[in-house]
Amino acid sequence: MTSIQHNLQQVRERISAAAARCGRDPAEITLLAVSKTKPAGAVAEAAAAGQRCFGENYVQEGVDKIQALGNSALEWHFIGPLQSNKSRLVAGNFSWCHTVDRLKIAARLNEQRPAALPPLNVLIQVNISDETSKSGIMLEELNELAKEIVLLPRLTLRGLMSIPAPEADYARQLAVCQRLAAAFDALKTDYPTVDTLSLGMSDDMEAAIAAGSTLVRIGTAIFGARDYGAAHNNN
Ligand SMILES: *Cc1c(COP(=O)(O)O)cnc(C)c1O
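Predicted, not measured: the structure shown is a model, and the values here were computed from it.

Student: Any chance you could explain the packing of aromatic side chains here in plain terms?
Tutor: Each pair of aromatic rings is reported with the distance of its centres and the angle of its planes. As enumerated under the stated definition, the model contains two aromatic pairs in all. Between Phe-54 and Trp-76, the aromatic rings sit 5.6 Å apart at their centres with planes inclined by 35 degrees, giving tilted as the arrangement. A residue pair is termed long-range when its members are at least 10 positions apart, and Phe-54 in strand β2 (residues 53-56) and Trp-76 in strand β3 (residues 75-78) qualify at 22 residues. For the pair Phe-54 and Trp-76, a shared accessibility class is recorded, and that class is buried. Note on Phe-78 and Phe-94: the rings are 5.5 Å apart at their centroids and 70 degrees apart in plane angle, and the pair reads as edge-to-face. Here Phe-78, found in strand β3, pairs with Phe-94, found in the loop between α4 (87-93) and β4 (96-100); they are 16 residues apart in sequence, far enough to count as distant. The same class applies to Phe-78 as to Phe-94, namely buried.

Take a look at the structure:
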């Protein structure tokens with residue numbers, strides 16, 4: 001067994017155990033393998049081990065891997081900060097974008113989504129830890145932005161995404177995750193297409209699952225530590 005295969009199995013076991021502890025069905029929780037900075041070969045290895053959904057943070061790096069793998073069975077999620085001048089590549093190559101945080105970028109994605117593809121699945125990124133440096137909207141701005149996004153025919157609003165500030169303490173991780181989950185539940189009652197709460201990374205996935213996450217984004221625990229030696233600032 002390769003280490004990626006082994007790690008994937010362990011992550012799936014962590015998801016199942018966390019779901020069992022709170023009485024949830026692990027099948028409700030999608031595992032997104034975050035392959036940023038990792039070569040296409042690592043993605044191929046994970047795919048061979050049954051992994052289907054992959055997350056990328058850097059537009060061009062993601063597009064290169066999507067093209068290198070040429071495997072239509074894989075589902076690609078864009079999860080990095082999105083600049084306007086890169087929106088066309090996201091609209092044309094990915095199935096999901098997790099980081100919509102303003103109407104302007106949503107409108108561009110809507111306009112640029114190719115007619116031959118199904119609508120782009122989008123999540124609104126929320127800044128749940130109130131850090132001024134992090135991207136995402138404040139919770140108070142959510143209703144306003146959601147109302148505009150659902151009017152865009154080439155996008156489907158699927159839910160919310162957040163990257164909480166790192167927190168070592170489980171109880172504190174849980175409290176933050178529950179704040180986002182409450183907003184997600186409210187959004188779900190307003191919009192029938194909303195079904196996805198993208199929350200939880202390698203270090204906080206248990207708390208995220210306990211709070212109600214339906215999609216965990218896991219990089220390090222699958223692919224190992226990232227190598228930022230190469231230039232990845234070309235978003
Ligand atoms: C890198 C990244 C992840 C994965 O983080 P790990 O701690 O390596 O699991 C998840 N979500 C986003 C948005 C990321 O940028």
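Student: Looking at this structure, I do not really get the pairing of β4. What am I missing?
Tutor: Two faces make up the sheet, and in a regular strand the side chains alternate between them. In terms of residue burial, β4 counts as a mostly covered element, since five of its five residues are buried. Pairing of β3 with β4, which is carried by two bridges, proceeds in the parallel orientation. The partner of Phe-78 across the bridge, within β4, is Cys-97. In terms of handedness, the path from β3 via α4 over to β4 forms a crossover that is right-handed.

Student: Before we go on, may I ask you to explain the site of the ligand in this structure?
Tutor: Near the ligand, the surroundings consist of 13 residues, among which Lys-36, Asn-57, Ser-202, Thr-220 and Arg-226 are the closest. The contact in question runs from an oxygen atom of the ligand to an N or O atom on the side chain of Asn-57, over 2.6 Å. Note that a nitrogen atom of the ligand is positioned 2.8 Å from one of the side-chain N or O atoms of Arg-217. When the ligand is considered free in solution it has 390 Å² of accessible area, and contact with the protein chains removes 91% of it. Here the shell around the ligand is built from residues that sort into six nonpolar, four polar and three charged.

Student: Any chance you could explain unusual backbone geometry here in plain terms?
Tutor: Of all residues except glycine, most have a negative phi; of all peptide bonds, most are trans. Residues other than glycine seldom take positive phi values, yet Thr-37 does so here, at roughly 70 degrees. Following the sequence through the fold, Thr-37 ends up in the loop between β1 (30-34) and α2 (40-48).

Student: Would you take a moment to explain the side chain of Ser-213 for this structure?
Tutor: Within the secondary structure layout, Ser-213 lies in the loop between α8 (205-211) and β8 (215-218). Within the local environment of Ser-213, its side chain forms a polar contact with the backbone oxygen of Leu-197, the two atoms lying 3.3 Å apart. Within polar-contact distance, the side chain of Ser-213 engages the backbone oxygen of Leu-199 at 2.7 Å. Discounting chain neighbours no more than four positions away, the residues touching Ser-213 are Arg-24, Ile-29, Leu-197, Leu-199 and Ala-208.

What counts, and where the lines are drawn
- Residues numbered from 1 in each chain as written.
- Predicted model: local features only at pLDDT ≥ 70, side-chain atom pairs only at ≥ 80, totals over all residues.
- Heavy atoms only, no water.
- Phe/Tyr/Trp six-rings, centres within 6.5 Å; stacked < 30°, edge-to-face > 60°.
- Helix = DSSP H or I, 4+ residues; strand = E, 2+ residues; numbered from the N terminus.
- Buried < 20%, exposed > 50% of the residue type's maximum accessible area, 1.4 Å probe, protein only.
- Pairing = 2+ DSSP bridges.
- Right-handed = clockwise from strand over helix to strand, strands pointing away.
- Near = heavy atom within 4 Å.
- Polar contact = N/O pair within 3.5 Å; in protein donor to acceptor, adjacent residues only side chain to side chain.
- Areas by Shrake-Rupley, 256 points an atom, 1.4 Å probe, with all protein chains shown as cover.
- Nonpolar A, V, L, I, M, F, W, Y, C, P; charged D, E, K, R; others polar.
- Contact = heavy atoms within 4.5 Å.

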